[in-house]
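Architecture at a glance
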Amino acid sequence: MTSLDDLPIRDDLRGRRPYGAPQLDVPVRLNTNENSYPVPEPVVEAIGKAVAAELRDLNRYPDRDAVALRADLADYLGHGLGTGNVWAANGSNEVQQQLLQVFGGPGRTALGFTPAYSMHPLLATGTGTAWRDGNRGPDFGLTAADAVAQVREHRPDLVFLCSPNNPTGTALDPEVLDAVLAEAPGMVVVDEAYAEFARPGTPTALALLPGHPRLVVTRTMSKAFGFAGGRLGYLAADPAVVDAVQLVRLPYHLSALTQAAARAALAHRDLLLGTVEAIKEQRDRIVAGLRLRGRRVADSDANFVLFEVGDDERVAWRALLDHGVLVRDVGLPGWLRVTAGTPQETDAFLTAIEAAIESVP
Ligand code: PMP
């Protein structure tokens with residue numbers, strides 16, 4: 001049998017493993033920060049109708065520039081943004097890949113502050129961009145002075161910031177973004193995949209777009225909208241950035257079905273985003289429940305919580321799984337991440353914690 005090692009793959013990919021959280025069939029799945037609530041019936045119907053209306057025309061390529069969808073996304077974002085400020089692709093992962101293809105690549109570097117979203121370095125590697133692992137303080141915090149010092153040291157072509165940060169859940173101090181924007185020689189990408197879950201008063205980088213043509217804000221419909229299976233991510237930036245990513249995007253990358261489904265979902269956004277407050281409540285319940293049990297927990301502005309489990313997070317992860325609850329081992333020694341979902345899922349998680357982890361030193 002031929003193995004991967006026998007194939008002439010790029011040297012820098014040799015020995016690497018594909019990204020992916022385990023997709024296990026367990027009663028309580030809280031490991032990939034999905035929205036636990038199924039798509040509401042009126043939205044199911046609307047998406048069904050919108051997709052059906054496209055079927056006869058599937059012999060034709062879709063709108064290559066996804067203009068109507070981008071107009072709808074701009075309308076949702078507000079902040080005076082228009083179609084020309086917005087670009088969409090199959091998940092914000094693809095948007096970020098396109099940004100790396102056009103602003104990174106061989107001979108160029110990207111910097112992120114670890115722990116942050118683990119796909120950023122993988123996307124960098126995939127596009128031949130050298131990745132620089134920046135760091136955070138011992139409490140996972142990032143100060144403006146620390147961030148600026150690292151930007152100065154590495155002079156990266158792209159800086160990735162993540163707010164709220166995954167896996168810690170905490171939103172970025174706005175001073176950090178101001179300082180990085182002033183110092184960075186290249187593009188600054190703020191990954192706001194979880195922005196809709198932020199605690200009141202948390203600023204969005206969207207407000208800084210005017211006057212900052214090198215700032216890019218990426219968003220997704222995978223989390224708050226509960227549309228992870230639909231695969232729709234997008235960015236907001238200066239129109240020149242939208243022109244730039246078109247240099248690398250595949251023609252017709254967004255299928256007619258994706259565009260129609262996403263537009264129908266956006267038209268029902270009030271209903272879809274109706275779960276956000278309920279999820280935030282569960283998030284706050286998880287934080288309070290874990291703190292009550294004496295556990296260290298990072299402040300969360302997202303739909304997940306990073307919590308301390310003791311010496312060996314792999315043992316704790318397995319113990320929770322044995323109690324029917326799948327959480328995420330993000331590779332941070334002593335910590336695990338749990339997604340906030342329904343009240344029943346929170347009950348199951350807190351019960352499993354009592355049963356499984358309290359006994360683990
Ligand atoms: N950014 C962050 C911080 C994420 O956690 C995720 C999903 N895990 C994504 C981006 C990608 O989401 P999608 O490609 O589904 O839009």
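Cut-offs and rules
- Residues numbered from 1 in each chain as written.
- Predicted model: local features only at pLDDT ≥ 70, side-chain atom pairs only at ≥ 80, totals over all residues.
- UniProt positions renumbered as here; feature names shortened; annotations may be inferred.
- Helix = DSSP H or I, 4+ residues; strand = E, 2+ residues; numbered from the N terminus.
- Rg over C-alpha atoms; globule rule 2.2 N^0.38 Å.
- Buried ≥ 20, exposed ≤ 12 C-beta atoms within 10 Å, placed from the backbone.
- Contact = placed C-beta atoms within 7 Å.
- Core = buried A, V, L, I, M, F, W, Y, C linked by C-beta atoms within 7 Å.
- Domains from an automatic or database assignment.
- Pairing = 2+ DSSP bridges.
- Nonpolar A, V, L, I, M, F, W, Y, C, P; charged D, E, K, R; others polar.
- Arc of directions from axis to C-beta.
- Near = placed C-beta within 6 Å.

Looking at an unreviewed UniProt entry, the protein carries the name Histidinol-phosphate aminotransferase, with the source organism given as Plantactinospora mayteni. Its UniProt record, at the heading Sequence similarities (unreviewed entry), says of the protein: "Belongs to the class-II pyridoxal-phosphate-dependent aminotransferase family. Histidinol-phosphate aminotransferase subfamily." Heading Pathway (unreviewed entry) of the UniProt record for the protein holds this comment: "Amino-acid biosynthesis; L-histidine biosynthesis; L-histidine from 5-phospho-alpha-D-ribose 1-diphosphate: step 7/9."

For the rest of this paragraph, the subject is the overall build of the protein. Counting secondary structure elements, the protein contains twelve helices and eleven strands. Its C-alpha atoms give the protein a radius of gyration of 21 Å, near enough to 21 Å, the size a compact globule of 361 residues would have. Within the protein, buried positions represent 44% of all 361 residues. Sequence-distant contacts, at least 24 apart, represent 74% of the contacts inside the protein between residues at least 6 apart.

Moving on, we get to the UniProt feature "domain: Aminotransferase class I/classII large" (unreviewed entry) in the protein. Following the UniProt record, one finds the feature "domain: Aminotransferase class I/classII large" (unreviewed entry) at residues 28-353. Its end C-alpha atoms 13 Å apart, residues 28-353 is made of 39% helix and 16% strand.

By size, the foremost hydrophobic cluster in this structure holds 99 residues, and its most contacted members are Ala88, Val159, Val217 and Ala265. Domain assignment of the residues forming this core places at least three in each of domain 1 (18-39 + 274-357) and domain 2 (41-267).

Another aspect to go through is the pairing of strand S5 (residues 158-162). Residues in a regular strand project their side chains so that they alternate between the two faces of the sheet. With five of five residues buried, S5 lies mostly within the body of the structure. Residues Leu158, Phe160 and Cys162 line one face of S5 and the alternating positions Val159 and Leu161 line the opposite face, and both faces are buried. Relative to S5, strand S3 (residues 109-114) runs parallel, the two sharing three bridges. Bridge pairing in S5 places Gly112 opposite Phe160.

Examined at the domain level, the protein breaks down into domain 1 (18-39 + 274-357) and domain 2 (41-267). The partner domain 2 presents 23 residues to the 22 residues of domain 1 that form the contact. Put simply, the parts of the chain that give the side of domain 1 that touches domain 2 at least two residues each are helix H10 (276-292) and strand S9 (304-308). For the side of domain 1 that touches domain 2, the class distribution of residues is twelve nonpolar, five polar and five charged.

For S9, a buried count of four out of five residues is recorded, marking the element as mostly surrounded by other parts of the structure. Across five bridges, S9 lies against strand S11 (residues 335-339) in antiparallel orientation. Along S11, the bridge assignment pairs Val305 with Val338.

Before going further, it helps to spend a moment on the UniProt feature "modified residue: N6-(pyridoxal phosphate)lysine" (unreviewed entry) in the protein. Sites flagged by UniProt as "modified residue: N6-(pyridoxal phosphate)lysine" (unreviewed entry) map to Lys223. Turning to its location among the elements, Lys223 is positioned in the loop between strand S7 (215-220) and strand S8 (233-237). Residues contacting Lys223, with those up to four places away along its chain left out, are Asn33, Asn35, Ala193, Tyr194 and Asn303.

Quick look at helix H4 (residues 119-126) now. Taken together, the buried positions of H4 are His120, Leu123 and Ala124. The buried residues of H4 all sit within an arc of 105 degrees when viewed along its axis, so they share a single face. Buried residues along H4 sit in contact with helix H3 (92-103), S3, strand S4 (130-135) and S5.

In the vicinity of the ligand there are 13 residues, among which Gly91, Ser92, Ala193, Thr220 and Ser222 approach most closely. Among the residues making up the shell around the ligand, the classes are represented as four nonpolar, eight polar and one charged.

Before going further, it helps to examine the environment of Gly341. Along the chain, Gly341 falls in the loop between S11 and helix H12 (343-357). Residues Gly341 and Arg29 lie 312 residues apart in sequence; the distance between their C-alpha atoms is 9.2 Å. Setting aside residues no more than four positions away along its own chain, Gly341 makes contact with Leu30, Ser36, Ile279 and Gln282.

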